[in-house]
Amino acid sequence: MSMHDQETLLTIYGIKNCDTMKKARRWLDERQLLYRFHDYRTDGVSRELLQSFMQRTDWRQLLNTRGATWRKLDEEQRRQAENADGALTLMLSQPAIVKRPVLQRRDGALLVGFDPEAYGRFTGRGGCDMPCPVLELAQQLIRRPSLSPDDAGCQALLISRLQAAGFTVEPMPFGDTLNFWAWRGEGQTLAFAGHTDVVPAGKAEEWRTPPSRPP
């Protein structure tokens, strides 16, 4: 989910249609981490940006020497990348040669490339890698194409999970809308109260992925 700068703790730099970028953004989205996406092709790659990267990490880490852009360079151009100044000039002229993604925290720290374990450590969100029961349940609910008042089995799924955890469940239908409440224990009880109302998803073409297909 891409949000405004003032609301985010992370910025991810790269190219939109890069497969590795898609994996990295999916990892962030699955953990509901707010971030801003800086697309090199539309937002540009400035000297100041690259210099700020090079102040925070080894410039060699920023060079993608395994991609198609590097392979197309002649020997003279490759020799240009043998020192920091030359590498900077080369990256400015060939933005696709900048390794991606580059993930930056608000404190300025950088992480180059994508590795799930490294992302977990870098963001402090490494404790819920798949399989995760919470994410698995959320995905099951998302897969049900519910639209109020038809919940497409969402409440039945929740009831089965709650009963398995020792909750007592009481259905509370109101007209054609299903509801329930659940509690556990006596005296001071733990109650589950919620609803599964779903509004129309809108135009399918405006979604990055189909609304009933979790990433």
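Predicted model only: the values in this text are computed from it and were never measured.

1. Quick word on the overall build of the protein chain
Counting secondary structure elements, the protein chain contains nine helices and seven strands. Taken across its 215 residues, the protein chain has 34% of its residues classed as buried. A fraction of 56% describes how many contacts in the protein chain between residues 6 or more apart in sequence connect residues 24 or more apart.

2. Focus: unusual backbone geometry
Residues Arg-100 and Pro-101 are joined by a peptide bond in cis, for which omega reads -5°. Residue placement: Pro-101 occurs in the loop between α6 (84-93) and β3 (102-105). Unlike most non-glycine residues, Gln-32 shows phi in positive territory, near 55°. Looking at the element boundaries, Gln-32 is found in the loop between α1 (19-30) and β2 (35-39).

3. Comments concerning the packing of α1 against helix α7 (residues 116-123)
Across the interface, α1 lies against α7 with an axial gap of 11 Å and an inter-helix angle of 45°. The orientation of α1 relative to α7 falls into the category oblique. Where α1 crosses over α7, the two elements pack in a sense that is right-handed. Contacts between α1 and α7 pair Ala-24, Trp-27 and Leu-28 from the former with Pro-116, Tyr-119, Gly-120 and Thr-123 from the latter. Here the contact of α1 with α7 is built from residues that sort into five nonpolar, two polar and no charged.

4. Regarding the confidence of the model for the protein chain
With 86% of its residues at a pLDDT of 70 or more, the protein chain shows a mean pLDDT of 81. Of the regions scoring below 50 in pLDDT, residues 1-7 engages in 17 contacts with residues more than four places distant in sequence or in other chains.

5. Some remarks on helix α9 (residues 154-164)
Along α9, the residues classified as buried are Cys-154, Gln-155, Leu-157, Leu-158, Ile-159 and Leu-162. One or two positions beyond α9, positive phi appears at Gly-166, with a value near 95°.

6. Here we look at the sheet that holds strand β1 (residues 10-14)
Sheet architecture is open: four strands sit in the order β2-β1-β3-β4, paired in mixed fashion. Two strands bound the open sheet, and with one partner strand each, they are β2 and β4 (110-112). The mean inter-strand angle of the sheet, taken between neighbouring strand axes irrespective of direction, is 20°. With four bridges joining them, β1 and β3 adopt antiparallel strand pairing. Within the sheet, the bridge partner assigned to Ile-12 lies in β3 and is Leu-103. In this fold α1 packs onto β1, β2 and β3, with an angle of close to 165° to the strand it touches most, β1.

7. Some remarks on α7
Every buried residue of α7 is accounted for by Ala-118, Tyr-119, Gly-120, Phe-122 and Thr-123. Next to the buried residues of α7 lie β1, α1, β3 and β4. Directly beyond the C-terminal end of α7, a positive phi value near 75° is found at Gly-124.

8. A word on the pairing of β1
Side-chain direction in a regular strand flips from residue to residue, so the side chains alternate between the two faces of the sheet. With five of five residues buried, β1 lies mostly within the body of the structure. Sheet topology places β1 next to β2; five bridges connect them, and they run parallel. Within β2, the residue paired with Ile-12 across the bridge is Phe-37. Crossover handedness for the path β1 to α1 to β2: right-handed.

9. A closer look at the packing of aromatic side chains
On inspection of all chains with the given rule, the structure shows four aromatic pairs. In textbook terms, an aromatic cluster arises when at least three aromatic residues are bridged by ring pairs, as seen for Trp-27, Phe-114 and Tyr-119. A cation over an aromatic ring shows up here: Arg-25 above the ring of Phe-37, its NZ or CZ 4.2 Å from the ring centre. Across from the ring centre of Phe-122, 4.4 Å away, lies the NZ or CZ of Arg-105, which sits over that ring.

Conventions adopted
- Residues numbered from 1 in each chain as written.
- Predicted model: local features only at pLDDT ≥ 70, side-chain atom pairs only at ≥ 80, totals over all residues.
- Heavy atoms only, no water.
- Helix = DSSP H or I, 4+ residues; strand = E, 2+ residues; numbered from the N terminus.
- Buried < 20%, exposed > 50% of the residue type's maximum accessible area, 1.4 Å probe, protein only.
- Contact = heavy atoms within 4.5 Å.
- Axes fitted to C-alpha atoms, helices over the stretch in contact; angles between N-to-C directions.
- Parallel < 35°, antiparallel > 145°, perpendicular 65-115°, else oblique.
- Left-handed = near helix turned anticlockwise from the far one by under 90°.
- Nonpolar A, V, L, I, M, F, W, Y, C, P; charged D, E, K, R; others polar.
- pLDDT = per-residue confidence, 0-100.
- Pairing = 2+ DSSP bridges.
- Right-handed = clockwise from strand over helix to strand, strands pointing away.
- Phe/Tyr/Trp six-rings, centres within 6.5 Å; stacked < 30°, edge-to-face > 60°.
- Lys NZ or Arg CZ within 6 Å of the ring centre and 35° of its normal.

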